[in-house]
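Inside the fold
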Amino acid sequence: MGQLRDRMDGDLRLKGYSAVTRYHYLRCARRFAAHYGKSPAALGEAEIRAFLLHLIHEQQAKPATVRMYVAALKFLYGITLQRPEVVARIPWPQVPEHLPDILTAAEIVQVLQAVHLLKHRVVLMIAYGAGLRIREVCSLEVGDIDSQRMVIHVRAGKGAKDRYVMLSERLLAVLREYWRLTTPPGSVLFPGKRGAPHLQPNTVQRMLQKVVLACGLSKRVTPHVLRHCFATHLLEAGTDVRMIQQLLGHASIRTTARYTQISTRQIGQTRSPLDRLDFPPEPEPE
């Protein structure tokens, strides 16, 4: 894409999109151009529709993947190429909402105890104990841990927004133990390897997969599931949903309200109308 790619990247940066979003949008635009062997500037609505249908039928792309392509192409044509009419009638694909598996408190303990490397255990404890996204955990700096006010400063989270979350006393004790044993150089709390500025999220993902397998858990567990567990367990403990929204950094209360569907404690404690029916007593067998 050459110059067009640079223009799109510049527009994404001016709009304040994160590095991850820029990477995915540019990759989608590049694959769209490669599919036709032409610059997107020479293509239009018909080619976009045909390409998206190709992804669905030929590539068996998941709805979330197709939605990413739609978002990228709408940005490319609507902002960079200044041709919004080309993508105005391209529909947003519906993405099925699957409820995540939620670990019990005992399963959380089992997973954390199975992590042998202290650095990795602390990372998972922060993800669960403070509800951070794994990328937010990995990019934490030493100065973000405020033991005086017992908060963690999350910088440039989703949507480039800062927020504060609670600092658990148990987590603080583990962090101090981690610092005493490792004393990471520089300001980054969890340094990376091979020149990486910090621990990479995919490293944590692979580690957690191995731990879950070793624990014999049948639930699908990812680092982000620990964030879901944080919110669900708070909700079940009676924490106000608006406080959970603030802790998670959600822009809309509707996103946080989704956890009312995930929490099974209230559902399990709700009496079924079947149990309220007045059946006559069963005759005793002769």
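This one's a predicted model, so the numbers in the text were calculated from it and none came from an experiment.

So, about unusual backbone geometry. The residue Gln60 is not glycine, and still its phi comes out positive at about 55 degrees. Among the secondary structure elements, Gln60 is positioned in the loop between helix H3 (45-57) and helix H4 (63-80). Given the relative accessible area of 60%, Gln60 is considered exposed. Even without being a glycine, Thr183 presents a positive backbone phi close to 40 degrees. Taking the relative accessible area as the measure of exposure, Thr183 reaches 44% and is therefore partly exposed.

A few words on the sheet that holds strand E1 (residues 145-146). Across the sheet, which stays open at both edges, the 3 strands sit in the order E1-E2-E3 with antiparallel pairing between neighbours. Taken across any chain shown, the strands that pair with only one partner, and hence form the sheet edges, are E1 and strand E3 (163-166). Both E1 and strand E2 (residues 151-154) contribute to a ladder of 2 bridges, which runs antiparallel. The partner of Ile145 across the bridge, within E2, is Ile152.

A word on the packing of helix H2 (residues 19-36) against H4. Their axes nearest at 9 Å, the elements H2 and H4 cross at an angle of 85 degrees. One element, H2, and the other, H4, form an angle in the roughly perpendicular class. Residues His24, Tyr25, Cys28, Ala29, Arg31 and Phe32 of H2 pack against Met68, Tyr69, Ala71, Ala72, Leu73, Phe75, Leu76 and Tyr77 of H4. Split by residue class, the contact of H2 with H4 holds 12 nonpolar, 1 polar and 1 charged.

With 52 residues, the main nonpolar core has Ile126 and Phe190 as its most contacted residues. Top contributing element to this core by residue count: helix H6 (residues 118-130), with 8 residues. Those residues in contact with Ile126, other than ones at most four positions away along the chain, are Gly131, Leu132, Val137, Leu140, Leu171, Leu175 and Phe190.

Before going further, it helps to examine the packing of aromatic side chains. As enumerated under the stated definition, the model contains 8 aromatic pairs in all. Pairing Phe32 with Tyr36 gives two aromatic rings, centres 5.7 Å apart and planes at 80 degrees, and the pair type is edge-to-face. With Phe32 and Tyr36 both in helix H2 and 4 residues apart, the pair spans about one turn of that helix. Where Phe51 meets Tyr69, the ring centres are 5.6 Å apart and the plane angle is 65 degrees; that geometry is what we call edge-to-face. Note that Phe51 is positioned in helix H3 and Tyr69 in helix H4, a separation of 18 residues in sequence. Here Phe51 and Tyr69 have matching classes, each one buried. The ring of Tyr164 has Arg149 lying over it, and the distance from NZ or CZ to the ring centre is 5.0 Å.

The rules behind the values
Residues numbered from 1 in each chain as written. Predicted model: local features only at pLDDT ≥ 70, side-chain atom pairs only at ≥ 80, totals over all residues. Heavy atoms only, no water. Helix = DSSP H or I, 4+ residues; strand = E, 2+ residues; numbered from the N terminus. Buried < 20%, exposed > 50% of the residue type's maximum accessible area, 1.4 Å probe, protein only. Pairing = 2+ DSSP bridges. Axes fitted to C-alpha atoms, helices over the stretch in contact; angles between N-to-C directions. Parallel < 35°, antiparallel > 145°, perpendicular 65-115°, else oblique. Contact = heavy atoms within 4.5 Å. Nonpolar A, V, L, I, M, F, W, Y, C, P; charged D, E, K, R; others polar. Core = buried A, V, L, I, M, F, W, Y, C linked by side-chain atoms within 4.5 Å. Phe/Tyr/Trp six-rings, centres within 6.5 Å; stacked < 30°, edge-to-face > 60°. Lys NZ or Arg CZ within 6 Å of the ring centre and 35° of its normal.

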